[in-house]
Amino acid sequence: MTLPGNLRGAALMAGAALLFAYEALMIRWLSARGIPLSTQLLFRCLGQVVWVAPALLAAGPGVLRTAKPALHALRGVCSLLTWGLYYVSLTLLDLATATVLSFTNVMFTTLLAGPVLRERVGAARWAGTLVGLAGIAVMLRPWEGAGAETSLPGVAVALVAALTWCGITLSSRMLTRTEGTLTIIGWVGIITSLGILPLALWQWRPLGAVDLLGLGLLAVVTPGILWLTTEAFRAGEASAVAPFQYLRLPVLAGLGWLLYAEAPDGMAWAGAAVVLAGALLVSLAEARRR
């Protein structure tokens, strides 16, 4: 039996959210084993190349031909910075806080969509952005003496990761006007892999069988996030599907409590709820715009 479009889309997006949660747990576990983040990122980038390699080989080298190499390079650099900084934030913050702050990418996108893409940004998207920014302030509670319960360096890293994530979104929108999906994915896989390779080689340490298995799983599984997200929007209406991307917050918050005894206090949860509400409002407004 075939599921209705919106239900299938919701299931696919929920699957992407669970893979996001899986990735965060793998980063925590691999980091605890002493594996450098650069090594983890290299395997993730190579995994993305492996995923698209059959399609690239079938299409031939001409599929990588482009008139916008600088924009592809920008997207690749933004991708590398985003995932590298996101991985660092997972080692500095509890899982729930790092996840909430990653949602602010939709707010940064709203702030830049007008001047960069000349998009008309409606009242709902602006309202969601302002709500989300207020939520960050509640989480940090500067009136209590600069975030006694939260790592400020970790927050800074997470917010910069969200900002560079916004760079991925904006550059992707610009590229999709003239470039095919396979061209974009192929270039980003090549640029990120070559970009992280020197640092990964410099920080390389011997890997055991368990380490290689964990890195292999990270490489094979995490590129599925992009596939599931793409198929989710293909299957269902964006406004019905988009909210399910935030499922990873309760999943990671619960796992953080069970596995690491992480329990953000009431004020942190209040701020997280406000950030989530803002992100959800922006996502729904963006979905309706499409």
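Residues numbered from 1 in each chain as written. Predicted model: local features only at pLDDT ≥ 70, side-chain atom pairs only at ≥ 80, totals over all residues. Heavy atoms only, no water.

**A look at the pattern of salt bridges**
Move 1: Counting across every chain of the model gives four salt bridges.
Move 2: The residue Arg-44 makes a salt bridge to Glu-23 at a minimum N-O spacing of 2.7 Å. Of the two residues, Arg-44 is situated in helix α2 (residues 37-59) and Glu-23 in helix α1 (residues 5-32); the sequence distance between them amounts to 21 residues.
Move 3: The buried category is assigned to Arg-44, whose relative accessible area is 7%.
Move 4: With relative accessibility at 0%, the residue Glu-23 sits in the buried group.
Move 5: Salt-bridge contacts for Arg-28 lead to Glu-262; the nearest nitrogen and oxygen are separated by 2.7 Å. Highlighted residues: Arg-28 in helix α1 and Glu-262 in the loop between α12 (248-260) and α13 (266-289), separated in sequence by 234 residues. (Salt bridge = Lys/Arg side-chain N within 4 Å of Asp/Glu carboxyl O. Helix = DSSP H or I, 4+ residues; strand = E, 2+ residues; numbered from the N terminus. Buried < 20%, exposed > 50% of the residue type's maximum accessible area, 1.4 Å probe, protein only.)

**Side note on the side chain of Glu-262**
Move 1: Exposure remark for Glu-262: the relative accessible area of 15% places this residue in the buried category.
Move 2: In terms of polar contacts, Glu-262 uses its side chain to reach the side chain of Arg-28, at 2.7 Å.
Move 3: Not counting residues within four places of it along the chain, the set of residues in contact with Glu-262 comprises Arg-28, Asp-94, Leu-95, Gly-256 and Trp-257. (Polar contact = N/O pair within 3.5 Å; in protein donor to acceptor, adjacent residues only side chain to side chain. Contact = heavy atoms within 4.5 Å.)

**Considerations on the state of the cysteines**
Move 1: Tallied over the entire structure, the rule returns zero disulfides.
Move 2: Just so you know, Cys-78 is unpaired, no disulfide at all, and the nearest cysteine sulfur is the one on Cys-166, 8.3 Å from it.
Move 3: Residue Cys-78 is classed as buried on the basis of its relative accessible area of 10%.
Move 4: Classification of Cys-166 as buried rests on a relative accessible area of 0%. (Disulfide = S-S within 2.5 Å.)

**Describing the packing of α2 against helix α8 (residues 181-202)**
Geometrically, a packed helix pair is captured by the angle between its two axes and the distance between the axes.
Move 1: Running from amino to carboxyl end, α2 crosses α8 at an angle of 145°, the nearest separation of the two axes being 8 Å. Here α2 and α8 pass one another in a crossing that is left-handed. Between α2 and α8, the contacting residues are Ser-38, Thr-39, Leu-41, Leu-42, Cys-45, Leu-46, Gln-48, Val-49, Val-52, Ala-55, Leu-56 and Ala-59 on the first element and Leu-182, Ile-185, Gly-186, Val-188, Gly-189, Ile-190, Thr-192, Ser-193, Ile-196, Leu-197, Leu-199 and Ala-200 on the second.
Move 2: Of the residues contributing to the contact of α2 with α8, the split by class is 17 nonpolar, seven polar and no charged. (Axes fitted to C-alpha atoms, helices over the stretch in contact; angles between N-to-C directions. Left-handed = near helix turned anticlockwise from the far one by under 90°. Nonpolar A, V, L, I, M, F, W, Y, C, P; charged D, E, K, R; others polar.)

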